[in-house]
Amino acid sequence: MRKVIALLSAAVAVAAFGGAAADAEPVGPDAVAAAPEDTGQGKLVWSSCNDPATPALQCALLEVPVDYADPHGRKIKIKVDRLPATAPKEKQQGPILLNPGGPGISGLWMPASLSGQLPADVASTYDWIGFDPRGTNGSEPHVVCDPHYFEAERPDYQVDRGTTKAWLSKAAGYAADCAADWSWLLPHMTTVDSARDMDSIRRALGARRISFYGGSWGTSLGSTYGQLFPSRVKRMVLDSIVGPTISWYDHNILQDKEHQRRFEAFAAWTAKADAVYHLGTDPAGVVQAYYRVQDALRAEPVAADPAPGRIGPAELDDTFYSGGYNFLRWPRMATVLSAFVNQHDTRPLSIAYNRYAAPGADDGAFPAYNATQCTENAWPRDWEFWKKDQAAVNAVAPFYTYNNMWYNAACMFWPYQGNQAGRLKITGKGLPPVLLFQATEDAATPYEGGLAMRDALPGSKLVVQTGGSFHEILFRGNACLDDTFTAYLRDGSLPKGDGRIAKTCAPTPEPAPVLVTPPPAATAKTATAGADAAPLAPTDPEAVRGVLR
């Protein structure tokens, strides 16, 4: 990550924000003295988002500088929405900014969803603020590199299948495509840049301090904001935590090993339900069934309809790895294997692929993912190193290693060298107590990250859920977790436990093993193209939020 740049000091007018109450910037004689550096951001002009489900939701675009070292240089716009507080003004607690992760995933759905899951006496006291990080989604510009990069059928992920040259060419081409159109913005899409955008949002809101909730990469964003601006944080919640110092390359290796364990947990769950899925009572047999399906698709891919292309072994991997993020997907995944192996029926696979893995109209958050990770710390640039190192990881974690390797391979060719010093160091100096949530078997942000963040923020409190049911564990129906979050937002109350782990919560019960019945053959195409195959909304129980590959 680039070194933190000292910004110019100057007074700046900020747009008034109703409901900031005790956390608003001073006005009158003290305003100029209290106003910090001039970040060159514009004003928030709110209008209705025209959301029939949440009529009170308001939207705006905020102009911010591309480069905060040049606050009055070239500008971009950040899409922001808010659900204003409705409590009496004296009870309002100011804005809470929200980020689901990615890097690059939209946060605009979060104000309505998260506030709606809290008691009214808490939800009504905050102004709930969602935003799209720079370069993504509704922000301007929306960075797109190769919109066809993820289309099926993709080359086989396995390096022993003769596709290495194809993948190296794809990864190098993707990096070149990004650089060709976006060289002026890509170096300024790091977590530090997004944290400074958050502070521009704070200033435009007229708030002296903000609260923050972030999941997955959002925990890196939140902790970075807290490191840069500790006095501007009121409360902060980090859910499913990225370790504060680990390199992104090494973080992916931790993911590979944890995804292997989650895949084996899925196999054990499926084996216990042999009466439903008929794949045998031995977990190893379920794993073998998966690889038999993979071999069959290698020999004869199937139509991805309604998505374009065909489903081969890579698309099968993409469909199944996300079960490590959300175990409510396990019944559908087991149904896919059962139907394919026992009835030679590929319709459940087509439906699952369209729900879980089919690409959207462009490459979505992928440019932001690469621009963030490839730039924040140094990556190996030598394919021979990758080949040898990843082979050693694959020997113990074959389910996900090569899938993950090729997903990240653009960093081998990224046009901007990663920061040799690594990511911004997190110390927690000056921060109020931070509330941390972490599951012990999280595949995307492994448990080590939660412990490391607790150590980096000595005043924080870590709540641990045993088990690995979800990535991002709040708002999943676990009262032990959600009540702890609610108490903290209500009045700052924290778990009383001392030590590295302040509180432990029980795992969420495993899903019931049921066949997810596919549509009748006569109507398969129509049904597949309908709601059952549509991409999942972030609020869907099977959705994966805050994906950090």
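Reading guide: rules and limits
Residues numbered from 1 in each chain as written. Predicted model: local features only at pLDDT ≥ 70, side-chain atom pairs only at ≥ 80, totals over all residues. Heavy atoms only, no water. Helix = DSSP H or I, 4+ residues; strand = E, 2+ residues; numbered from the N terminus. Rg over C-alpha atoms; globule rule 2.2 N^0.38 Å. Buried < 20%, exposed > 50% of the residue type's maximum accessible area, 1.4 Å probe, protein only. Contact = heavy atoms within 4.5 Å. Areas by Shrake-Rupley, 256 points an atom, 1.4 Å probe, with all protein chains shown as cover. Pairing = 2+ DSSP bridges. Expected span 1.5 Å × (residues − 1). Disulfide = S-S within 2.5 Å. Polar contact = N/O pair within 3.5 Å; in protein donor to acceptor, adjacent residues only side chain to side chain. Right-handed = clockwise from strand over helix to strand, strands pointing away. Core = buried A, V, L, I, M, F, W, Y, C linked by side-chain atoms within 4.5 Å. pLDDT = per-residue confidence, 0-100. Axes fitted to C-alpha atoms, helices over the stretch in contact; angles between N-to-C directions. Nonpolar A, V, L, I, M, F, W, Y, C, P; charged D, E, K, R; others polar.

So, the overall build of the chain
Thinking step 1. Scanning the chain for helices and strands turns up 18 helices and 12 strands.
Thinking step 2. Its C-alpha radius of gyration of 23 Å places the chain within 12% of the 24 Å reference for a compact globule of 549 residues.
Thinking step 3. Overall, the chain is about 75 × 50 × 45 Å in size when its C-alpha atoms are taken along their principal axes.
Thinking step 4. Across the 549 residues in the chain, those meeting the buried criterion constitute 59%.
Thinking step 5. Partitioning the contacts of the chain with sequence separation of at least 6, the portion at a separation of at least 24 is 79%.
Thinking step 6. Within the structure as shown, the chain displays about 20,100 Å² of accessible surface, and the carbon and sulfur contribution to it stands at 56%.

Examining the pairing of strand S3 (residues 75-83)
Thinking step 1. In this sheet, S3 lies alongside strand S2 (residues 58-65) in antiparallel orientation, the contact comprising eight bridges. When the sheet's bridge partners are listed, Leu62 is paired in S3 with Ile78.
Thinking step 2. Sheet topology note: the S3/strand S5 (residues 127-132) ladder contains five bridges and is antiparallel. Following the sheet pairing, Lys79 is matched in S5 by Asp132.

Some words on the environment of Thr466
Thinking step 1. Inspection of the secondary structure assignment puts Thr466 in the loop between strand S11 (461-465) and helix H17 (479-491).
Thinking step 2. In sequence terms Thr466 and Asp239 are 227 residues apart; their C-alpha atoms lie 14 Å from each other.
Thinking step 3. Each residue touching Thr466, except ones within four places of it in the same chain, is listed here: Thr440, Thr504, Cys505, Ala506 and Pro507.

Side note on helix H5 (residues 191-205)
Thinking step 1. Relative to the 21 Å expected for 15 residues at 1.5 Å per residue, H5 spans 21 Å between its end C-alpha atoms, a close match to the ideal helical length.
Thinking step 2. Of all 15 residues in H5, 15 are buried; the element is thus mostly enclosed.
Thinking step 3. With its phi angle positive at about 80 degrees, Gly206 sits one or two positions after the end of H5.

Things to note about the state of the cysteines
Thinking step 1. Tallied over the full model, the rule gives four disulfides.
Thinking step 2. The disulfide bridge from Cys145 ends at Cys178, spanning 2.1 Å between sulfur atoms. Its S-S torsion of approximately 115 degrees makes the covalent link between Cys145 and Cys178 right-handed. Remark: Cys178 occurs in helix H4 (residues 164-182) and Cys145 occurs in the loop between S5 and H4; sequence separation between them is 33 residues.
Thinking step 3. Taking relative accessible area as the criterion, Cys178 reaches 0% and is therefore assigned buried.
Thinking step 4. The disulfide partner of Cys374 is Cys411, and the gap between their sulfur atoms is 2.0 Å. Residues Cys374 and Cys411 are joined through a disulfide that is left-handed, its torsion about the S-S bond being -80 degrees. Note that Cys374 is positioned in helix H13 (residues 366-376) and Cys411 in the loop between helix H15 (401-407) and strand S10 (434-439), a separation of 37 residues in sequence.
Thinking step 5. Residue class for Cys374 comes out buried when judged on its relative accessible area of 1%.
Thinking step 6. For Cys411, a relative accessible area of 1% translates into the label buried.

Side note on H17
Thinking step 1. End to end, H17 covers 18 Å across 13 residues, agreeing with the expected 18 Å (1.5 Å per residue, within 8%).
Thinking step 2. Restricting attention to buried positions, one finds in H17 the residues Leu481, Asp482, Thr484, Phe485, Thr486, Tyr488 and Leu489.
Thinking step 3. Two or three places before Cys480, at the opening of H17, Asn478 has a side-chain oxygen 3.1 Å from that residue's backbone nitrogen.
Thinking step 4. Looking at the residues trailing H17, positive phi occurs at Gly492, about 85 degrees.

Let's talk about the pairing of S11
Thinking step 1. Among the five residues of S11, five are classified as buried, and the element is accordingly described as predominantly covered.
Thinking step 2. Because side chains alternate across S11, one face comprises the buried residues Lys461, Val463 and Gln465, and the other comprises Leu462 and Val464, equally buried.
Thinking step 3. Bridge analysis of S10 against S11 gives five bridges, and the strand direction is parallel. Each residue of the ladder has a partner; that of Ala439, found in S11, is Gln465.
Thinking step 4. At this point the chain moves from S10, through helix H16 (residues 447-456), to the parallel S11, and the crossover so formed is right-handed.
Thinking step 5. Of the pairings in the sheet, the one linking S11 to strand S12 (residues 503-505) comprises three bridges and is parallel in character. Its bridge partner lying in S12, Gln465 is registered against Cys505.

A closer look at the nonpolar core
Thinking step 1. Formed by 80 residues in total, the largest nonpolar core has its most connected members in Val80, Leu97, Ile201 and Trp414.
Thinking step 2. Take this core: its biggest share by element is seven residues, from H4.
Thinking step 3. Residue contacts for Leu97: discarding those within four places in its chain leaves Ile129, Phe131, Met198, Ile201, Leu205, Ile210, Ser211, Phe212 and Tyr213.
Thinking step 4. Residues Ala152, Ala267, Leu316 and Leu337 belong to the second largest nonpolar core, which totals 41 residues.

A closer look at the confidence of the model for the chain
Interpretation of this model should avoid reading the predicted coordinates in detail wherever pLDDT is low.
Thinking step 1. In this model, the chain carries an average pLDDT of 91, and 90% of its residues clear a pLDDT of 70 or more.
Thinking step 2. Every residue in residues 24-36 scores below 50 in pLDDT, and together they form 19 contacts with partners more than four places removed in sequence or on other chains.
Thinking step 3. Segment residues 522-529: pLDDT under 50, and 12 contacts once partners within four positions in sequence are set aside and those in other chains are kept.

Remarks on the packing of helix H9 (residues 283-299) against helix H10 (residues 313-321)
Thinking step 1. Two elements in contact, H9 and H10, have axes whose closest approach is 8 Å; the angle formed by their N-to-C orientations is 145 degrees. Contacts between H9 and H10 involve Tyr290, Val293, Gln294, Leu297 and Arg298 from the first element and Pro313, Leu316, Asp317 and Phe320 from the second.
Thinking step 2. In the contact of H9 with H10, the residues fall into six nonpolar, one polar and two charged.

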